[in-house]
Amino acid sequence: GSAMGSPEEEGVTSAMIEEATGVAVEEHDSLEELELIFASALSCVCAPPGENSGLARCGRLRSLSLIDCGISRLGTLGPVSATLERLCLAGQRLTSLCELGGLPQLRVLLR
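What comes next is a walk through the structure. These figures come from a predicted structure and were not determined experimentally. (Residues numbered from 1 in each chain as written. Predicted model: local features only at pLDDT ≥ 70, side-chain atom pairs only at ≥ 80, totals over all residues. Heavy atoms only, no water.)

Turning our attention to the pattern of salt bridges. Evaluated as defined, the whole model comprises three salt bridges. A salt bridge links E85 to R62, with the shortest nitrogen-to-oxygen separation between them at 3.6 Å. With E85 in the loop between β4 (73-75) and β5 (86-88) and R62 in the loop between β2 (44-46) and β3 (63-67), this residue pair connects regions lying 23 residues apart in the sequence. Here E99 ties to R73 by a salt bridge, and the two come within 3.6 Å at their closest N and O atoms. (Salt bridge = Lys/Arg side-chain N within 4 Å of Asp/Glu carboxyl O. Helix = DSSP H or I, 4+ residues; strand = E, 2+ residues; numbered from the N terminus.)

Here it is as structure tokens:
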């Protein structure tokens, strides 16, 4: 086999959200804030639709903080695009923020 890592991107999962917040998966639609720190398994915020995207269940999320997760790209932010007002991306490896154009409610961006 190849020594290279899996080509699949790892986005925020429901399990990560549950571990960080203590909120059961069934209640993630009530979350308005989410903070993940040192989630080193991440390569992007939200994996493509159909993957186990934790953000897909967070339809009311207004504030998302990802700190020192090593994210190299944002990915699909569709699940939270209508509600997200605050995004903190401190300590990431991002080279482009082009996906931010799809966040009409975004008021605060911290890097």
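All right, on to helix α1 (residues 14-21) then. Within α1, burial applies to S14, M16 and I17. Taken around the axis of α1, the buried residues stretch over an arc of 160°, which confines them to a single face. In α1, the exposed positions that point more than 90 degrees away from the buried face belong to A15 and E19. In the core, the buried residues of α1 are packed alongside β1 (33-37). Downstream of α1 by a residue or two, G22 has a phi angle that is positive, lying close to 75°. (Buried < 20%, exposed > 50% of the residue type's maximum accessible area, 1.4 Å probe, protein only. Arc of directions from axis to C-beta. Contact = heavy atoms within 4.5 Å.)

With that settled, the discussion passes to unusual backbone geometry. Backbone geometry places F38, a non-glycine residue, at a positive phi of 55°. Relative to the helices and strands, F38 is located in the loop between β1 and β2. Unusually for a residue other than glycine, D68 sits at a positive phi of about 55°. With respect to the helices and strands, D68 occurs in the loop between β3 and β4.

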